[in-house]
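# An overview of the molecular structure
These are the residues of each chain, in order.
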Amino acid sequence: VQLAVVKGAIRPWYTVTFNGTKPYLYPLRVIFPWGLGWPLFLTALAGWGYSLSRLWRGSKTDWLLQAWMLSSFLSTGASFAKFTRYFLPLAPFLALLAARFLMVLWQRMPKKSWRHVVILLIGLVFLYSTAYTMAYDAIYSQPDTRLQALRWFKQHTPPGSSVTMEFDAMMKFAYHPERFGMTGYDI
């Protein structure tokens with residue numbers, strides 16, 4: 001069933017966000033820039049370009065790296081449902097390509113004054129990525145909004161009340177009322 005969802009043969013309501021998205025462009029426009037943060041993403045693209053230039057010069061490690069990354073991206077990027085989690089295996093390799101690119105920049109700078117620019121670039125990518133990660137992590141340090149709403153509901157609605165729920169919430173709360181403390185309500 002999940003494969004049918006990924007291919008678009010079955011389109012549950014939670015995949016409506018992928019309607020009209022372009023294969024391969026959606027991950028490059030949405031998933032990678034917002035998943036990695038723009039500075040790391042742009043540096044990773046530069047690193048990928050550097051890797052491609054090494055590939056054409058016969059680097060065996062870059063052949064192996066590019067074969068895996070491109071086959072993974074091409075197979076996943078063609079899917080109808082392009083969830084971020086499907087692209088996660090590429091993230092560490094993109095970060096490594098970015099790091100290698102920055103190191104090559106550092107090594108190839110002819111004047112020490114230009115090395116300050118590279119240090120600034122490295123600092124920008126590192127600090128932005130760290131702050132972005134911490135901000136993103138803060139989202140998940142709070143209780144799920146549905147559970148916060150359920151807590152508020154139970155505090156403000158007397159037991160025995162009749163309650164109407166949307167189907168998704170009903171699946172979680174009404175089918176397992178004892179698990180969520182909803183046993184005293186007529187759902």
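All of these numbers come straight from a predicted model, not from anything done at the bench. (Residues numbered from 1 in each chain as written. Predicted model: local features only at pLDDT ≥ 70, side-chain atom pairs only at ≥ 80, totals over all residues. Heavy atoms only, no water.)

### Details of the nonpolar core
We count it as follows: The term nonpolar core refers to a set of buried residues drawn from Ala, Val, Leu, Ile, Met, Phe, Trp, Tyr and Cys, joined through side-chain atoms within 4.5 Å. Buried means the residue's accessible area, taken with a 1.4 Å probe over protein chains only, is under 20% of the maximum for its type, while exposed means over 50%, and partly exposed covers the values in between. Numbered from the N terminus, helices here are DSSP runs of H or I no shorter than four residues, and strands are runs of E no shorter than two. Should any heavy atoms of two residues lie within 4.5 Å, those residues are counted as being in contact.
In this structure, Phe 18, Phe 32, Leu 36, Met 69, Phe 87, Leu 90 and Leu 94 are the most contacted members of the largest nonpolar core, which totals 20 residues. Broken down by element, the residue count for this core peaks at four residues, all from helix α2 (residues 25–36). Setting aside anything within four residues of it in sequence, one finds Met 69 in contact with Leu 90, Phe 93, Leu 94 and Leu 97. Counting seven residues, the second-largest nonpolar core is a separate cluster that includes Leu 150, Phe 153, Met 165 and Phe 180.

### Some thoughts on the packing of helix α3 (residues 38–56) against helix α6 (residues 91–108)
Inclusion rule: Axis angles are defined between N-to-C directions and span 0 to 180 degrees, where every axis is a line fitted to C-alpha atoms and, for a helix, only to the segment in contact. Under this scheme an angle from 65 to 115 degrees is roughly perpendicular, one under 35 degrees roughly parallel, and one over 145 degrees roughly antiparallel; angles in between are oblique.
Running from N to C, α3 and α6 cross one another at 75 degrees; their axes reach a closest spacing of 7 Å. Here α3 is positioned roughly perpendicular relative to α6, judged by the angle of their axes. Across the interface between the two elements, Leu 40, Thr 43, Ala 44, Ala 46, Gly 47, Trp 48, Tyr 50, Ser 51 and Arg 54 of α3 pack against Leu 94, Ala 95, Leu 97, Ala 98, Arg 100, Phe 101, Leu 102, Val 104 and Arg 108 of α6.

### Section: a nonpolar patch on the surface
To be explicit about the condition: Within this analysis, patches are made of residues with over 30% relative accessible area and no salt bridge. Like charges are joined at 9 Å or less; nonpolar side chains (Val, Leu, Ile, Met, Phe, Trp, Tyr) at 5 Å or less. Where accessible areas are quoted, they stem from the Shrake-Rupley method and a 1.4 Å probe; at the residue level, only the protein chains shown are allowed to cover. Salt bridge, as applied in this entry: a Lys or Arg side-chain nitrogen positioned within 4 Å of an Asp or Glu carboxyl oxygen.
A contiguous nonpolar surface patch, about 810 Å² in accessible area, is contributed by Leu 25, Leu 28, Trp 34, Trp 38, Leu 42, Leu 45, Trp 48, Leu 70 and Leu 74. Elements supplying a minimum of two residues to the nonpolar patch: α2, α3 and α4 (60–77). With four residues, α3 is the single largest residue contributor to the nonpolar patch. For Trp 38, the location among the structural elements is in helix α3. Judged by relative accessible area, Trp 38 falls into the partly exposed class, the value being 33%.

### Comments concerning the confidence of the model for the chain
This is how the line gets drawn: Per-residue confidence from the prediction method is given by pLDDT, with values spanning 0 to 100.
On average, the chain scores 89 in pLDDT, and the residues at 70 or more come to 96%. Within the chain, helix α9 (residues 167–173) has the poorest average pLDDT of any element, 65, and α3 the best, 95.

### Quick look at unusual backbone geometry
Positive phi values are uncommon outside glycine, yet Tyr 24 reaches one of about 70 degrees. In this fold, Tyr 24 is placed in the loop between α1 (2–7) and α2. Exposure remark for Tyr 24: the relative accessible area of 30% places this residue in the partly exposed category.

### What to know about the environment of Val 5
In this fold, Val 5 is placed in helix α1. Relative accessible area serves as the criterion here: at 2%, Val 5 is assigned to the buried category. A sequence separation of ten residues divides Val 5 from Thr 15, and the C-alpha atoms of the two residues are 8.1 Å apart.

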